[in-house]
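Each chain, letter by letter, is given below.
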Protein chains: 2
Amino acid sequence: MEGHTVVAEVTLRDVARAAGCSVATVSRVLAGTRPVGAETARAVRAAADRLGYRPNEVARALRSRSTGTVGLVLPQITNPFFPSLVRELEHALHAEGRAVLLADCDDDPATEATRIAALLDRRVDALLLIPVDERRSRDAVAAAAARVPLVLLDRGCGPGVADSVAVDNAAGMALVLEHLAATGRRRPCFVGAAGTASAAVERRVAYAAGAAALDPAAPQRTVLGDFSVEWGRAAVDRIWSARPDAVVCANDLIAAGALQRLRQLGADVPGEVAVTGFDDVPLAGLADPALTTVRQPVAELAAEAARLLAHRPAAAPIPGPRRPVRTVRLAPELVVRGSSAPADGGSDPRTTP
Amino acid sequence: MEGHTVVAEVTLRDVARAAGCSVATVSRVLAGTRPVGAETARAVRAAADRLGYRPNEVARALRSRSTGTVGLVLPQITNPFFPSLVRELEHALHAEGRAVLLADCDDDPATEATRIAALLDRRVDALLLIPVDERRSRDAVAAAAARVPLVLLDRGCGPGVADSVAVDNAAGMALVLEHLAATGRRRPCFVGAAGTASAAVERRVAYAAGAAALDPAAPQRTVLGDFSVEWGRAAVDRIWSARPDAVVCANDLIAAGALQRLRQLGADVPGEVAVTGFDDVPLAGLADPALTTVRQPVAELAAEAARLLAHRPAAAPIPGPRRPVRTVRLAPELVVRGSSAPADGGSDPRTTP
DNA sequence: ATGAAAGCGCTAACAC
DNA sequence: GTGTTAGCGCTTTCAT
């Protein structure tokens with residue numbers, strides 16, 4: 001084993017020389033751009049194989065003005081909802097021969113702006129972006145969207161800024177509330193997240209709208225913090241005195257925290273109080289009791305995002321008329337688990353009065 | 001808002017023209033390669049600012065033979081131990097102005113080989129790699145290490161293949177066993193992972209070595225599966241009949257599954273049996289009871305990996321003598337939580353007989 | 001169907 | 001200290 005060594009990279013010239021033709025011909029054979037004589041093509045491929053030729057993607061990128069890379073910008077890879085999304089995106093893109101430049105923003109809009117700039121400097125062909133904040137990310141996102149195709153994922157960034165694909169948060173929250181109503185819960189409360197992130201806003205608005213049907217006072221039983229386990233724990237102390245029979249949480253982390261604290265307080269979940277989450281992160285199935293939650297269709301989200309990128313025409317020669325942004329909303333799925341089993345222990349809603 | 005548009009990128013030439021000097025001078029000012037007259041420098045910077053010039057990193061890369069990107073190749077981003085590592089690596093690298101090309105291998109050596117090749121084609125300056133498998137990843141890793149600086153992370157890949165940095169698994173397992181012994185446990189069993197991944201091997205070897213001191217029969221109470229929650233659940237059914245007073249797991253996922261199944265079986269954790277994990281993933285603190293585990297020093301791992309990359313000289317002109325590989329082992333830390341509290345409920349080892 | 005030649009935007013000799 | 005020039009490795013006219 002020796003140290004890595006530039007063994008004089010094999011270039012197109014080397015292949016051309018070995019195959020006895022010009023570099024242009026080799027390029028055409030390998031890229032399949034234009035017809036080439038069968039005999040020549042064979043010789044070229046043989047030479048390329050024999051020499052172990054690998055095209056220099058950097059040179060190719062410079063010349064063809066396309067790097068074959070897309071930037072993936074996200075708030076915090078440690079948010080347990082993102083890894084599976086990243087995985088699906090990476091696979092979808094790699095399947096198209098594109099590589100992924102990853103940027104983690106540390107949940108900070110300023111860092112986000114820096115990362116976006118760095119990716120643009122590297123001439124990514126496109127950007128997949130989960131904005132840190134609906135409002136504070138807007139300028140940087142809009143500027144980037146003016147330069148490359150850009151698709152917003154999971155969270156929005158104000159109207160008309162860019163194409164976006166996300167789960168239908170309102171529909172998800174409605175599923176939760178319907179389920180709770182059907183299993184006899186009548187005093188829900190909501191533990192949400194403050195701020196302008198679209199998931200936070202949409203989920204709390206949907207709760208307020210849907211819960212009112214269950215109980216006119218339900219919308220008022222709302223406390224707001226952030227999307228964390230710690231907040232879930234703290235929130236329980238704020239709302240438990242109201243004796244809700246269901247704690248509807250804005251995501252699974254909050255729900256996990258709430259569950260933990262309720263257990264500490266000796267509350268009976270789900271007998272006395274149901275707890276629900278949102279996202280269906282891996283942790284949700286592991287909680288005790290396992291968490292009823294709303295599953296985001298992660299693979300579809302990724303596929304749809306990749307599709308939007310592919311269909312966004314490369315660039316207009318002239319600024320041109322404003323192109324309408326496309327917004328895709330995917331249907332979520334309710335995953336019923338132990339944390340919301342009817343109080344009587346049965347699982348059929350009809351057995352509950 | 002209009003569609004993204006190539007507004008005729010500003011190039012070095014544009015800046016040179018605006019500043020009234022040559023492209024070389026502009027390059028020198030911006031790169032700081034060589035001294036430039038104060039007056040000229042000012043003019044250049046002003047022009048660059050005014051035009052909103054951003055260097056084309058692709059062109060720069062082609063010319064300077066350095067892309068400023070490093071490839072990060074990992075088995076499965078959805079493994080909950082990796083996101084925090086990815087985060088630290090991304091930050092460490094970005095701080096040096098390098099971008100991260102991410103590749104997820106789907107836990108498959110063949111995919112891994114493909115991804116490595118794709119990254120090399122893109123001329124990454126270096127590779128950070130968590131191999132899928134100690135043995136089956138070896139060829140691809142060795143080949144890659146011959147072309148660019150490469151640092152193995154978290155898992156090894158056979159001796160002498162490449163520089164590596166990982167936690168000291170043996171030391172971590174020893175900490176666990178000492179702790180169990182000190183808190184009065186005498187019949188440990190081990191739920192590990194089969195296969196040749198170095199973490200799997202080192203942890204099970206360390207258990208066998210350390211547990212024998214506790215109980216000569218302990219090493220035999222070992223069952224092997226994979227690093228998953230499902231295996232943790234299944235393993236309990238295989239070992240519970242032996243009535244161990246401690247279930248030592250090879251990672252936190254296994255431990256979470258074991259904990260869940262023990263609870264289902266009505267076992268008292270930690271009263272009747274202690275459970276321990278390894279890695280300290282976010283989930284560990286959330287389990288009930290919270291999981292005693294071995295924390296990997298993630299930030300240090302990342303920093304050390306970045307340091308090794310930086311110090312690996314770029315390339316030798318001639319294959320040269322075999323360069324010794326460097327292996328860094330970082331000390332782990334035991335995190336004691338509820339799942340291993342002494343049977344009497346106290347937390348001081350001395351209160352236990 | 002093939003080759004010659006012109007760059008993509010930048011850096012790095014090499015002159016002055 | 002600054003300009004001129006020659007490419008990095010490739011794709012793509014434009015000839016033939």
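All values reported here derive from a predicted model rather than from experimental measurement.

### Observations regarding the overall build of chain A
Looking only at helices and strands, chain A features 13 helices and twelve strands. Taking 2.2 N^0.38 as the reference for a compact globule, 353 residues should give roughly 20 Å; the C-alpha atoms of chain A span a radius of gyration of 26 Å, well beyond that estimate. With the C-alpha coordinates of chain A rotated into their principal frame, the extents come out at 85 × 50 × 40 Å. When the 353 residues of chain A are sorted by exposure, 52% land in the buried category. Within chain A, contacts between residues separated by at least 24 positions form 70% of all contacts whose residues are at least 6 apart in sequence. As displayed, chain A has an accessible area near 14,600 Å², and 55% of this comes from carbon and sulfur atoms.

### Looking at the UniProt feature "domain: HTH lacI-type" (unreviewed entry) in chain A
Taking the UniProt record as the reference, the feature "domain: HTH lacI-type" (unreviewed entry) is found at residues 10-64 of chain A. In residues 10-64 of chain A, helix accounts for 71% and strand for 0%; the two terminal C-alpha atoms are 20 Å from one another.

### Quick look at the environment of A:Glu202
Residue and element names in this part refer to chain A. Of note, Glu-202 is situated in helix H9 (residues 198-214). Spatially, the C-alpha atom of Glu-202 lies 6.1 Å from that of Ala-170, the residues being 32 residues apart in sequence. Glu-202 has contacts with Asn-169 and Arg-329, leaving out every residue within four places of it along the chain.

### Notes on the protein's contact with DNA strand D
Inspection of the region around DNA strand D gives 25 residues, with A:Leu12, A:Tyr53, B:Gly37, B:Thr40 and B:Arg65 positioned closest. Sugar plus phosphate, as a fraction of atoms of DNA strand D within 4 Å of the protein: 55%. Interatomic distance of 2.5 Å between a backbone N/O atom of A:Leu12 and a phosphate oxygen of DNA strand D. For DNA strand D, a phosphate oxygen lies 2.6 Å from a polar atom in the side chain of A:Arg60. Residue assignment for the surface near DNA strand D shows that the elements contributing at least two residues are helix H2 (23-31) and helix H4 (57-64) of chain A together with helix H2 (23-31) and helix H4 (57-64) of chain B. When its residues are assigned to classes, the surface near DNA strand D shows ten nonpolar, seven polar and eight charged.

### Overview of the sheet that holds strand E5 (residues 163-167) of chain A
With respect to topology, twelve strands assemble into an open sheet ordered E11(A)-E5(A)-E4(A)-E3(A)-E1(A)-E2(A)-E2(B)-E1(B)-E3(B)-E4(B)-E5(B)-E11(B), the strand pairing being mixed. Every other strand in the sheet has two partners, leaving strand E11 (327-330) of chain A together with strand E11 (327-330) of chain B as the edge strands with one partner each. Pairwise comparison of adjacent strand axes, ignoring direction, gives a mean angle of 20° for this sheet. Pairing of E5(A) with E11(A) involves four bridges; the strand directions are parallel. Paired with A:Val165 across the bridge in E11(A) is A:Val328. Taken strand by strand, helix H5 (residues 82-95) of chain B contacts strand E2 (99-104) of chain A together with strand E1 (69-74), strand E2 (99-104), strand E3 (126-129) and strand E4 (150-153) of chain B, and its axis lies near 85° from that of E2(A).

### Let's talk about the nonpolar core
Counting 60 residues, the largest nonpolar core has A:Leu128, A:Val165, B:Leu128 and B:Val165 as its most contacted members. Discounting residues that sit within four places of it in the chain, A:Leu128 has contacts with A:Val70, A:Gly71, A:Leu72, A:Val73, A:Leu89, A:Leu93, A:Val151, A:Leu153, A:Ala305 and A:Leu309.

Basis of the calculations
- Residue numbers run consecutively from 1 along every chain, following the written order of its sequence.
- Chain letters start at A and ligand numbers start at 1, both assigned in the order the entries are written.
- Given that this is a predicted model, residues contribute local features only at a pLDDT of at least 70 and side-chain atom pairs are listed and counted only at 80 or more, while totals for whole chains, interfaces and linings are drawn from all residues.
- Each side-chain value is worked out from all heavy atoms of the structure, with water and hydrogens disregarded.
- Per the convention used, a helix needs a DSSP run of H or I reaching at least four residues, while a strand needs a run of E reaching at least two, with both numbered from the N terminus.
- As defined in this context, the radius of gyration uses C-alpha atoms, and a globule is described by 2.2 Å times the residue total to the power 0.38.
- Under the scheme applied here, a residue whose accessible area is under 20% of the maximum for its type counts as buried, over 50% as exposed, and between as partly exposed, the area being computed with a 1.4 Å probe on protein chains only.
- Contacts were defined at the residue level, with two residues in contact if any of their heavy atoms lie within 4.5 Å.
- To be clear on the numbers: accessible area is Shrake-Rupley with a 1.4 Å probe, and residue cover counts the displayed protein chains and nothing else.
- UniProt positions are given in the numbering used here, feature names are shortened, and annotations may be inferred rather than shown by experiment.
- Being near a molecule or strand, for a residue, comes down to having at least one heavy atom within 4 Å of it.
- Two N or O atoms form a polar contact when they lie within 3.5 Å of each other; inside protein one atom must be a possible hydrogen donor and the other a possible acceptor, and for residues adjacent in sequence the pair counts only when both atoms belong to side chains.
- When residue character is reported, Ala, Val, Leu, Ile, Met, Phe, Trp, Tyr, Cys and Pro are called nonpolar, Asp, Glu, Lys and Arg charged, and the others, Gly included, polar.
- Any two strands between which DSSP finds at least two bridges are classified as paired.
- The axes are straight lines fitted to the C-alpha atoms, using for helices just the contacting stretch, and the angles between their N-to-C directions are given from 0 to 180°.
- We define the nonpolar core as a collection of buried residues of types Ala, Val, Leu, Ile, Met, Phe, Trp, Tyr and Cys that are connected through side-chain atoms lying within 4.5 Å of one another.

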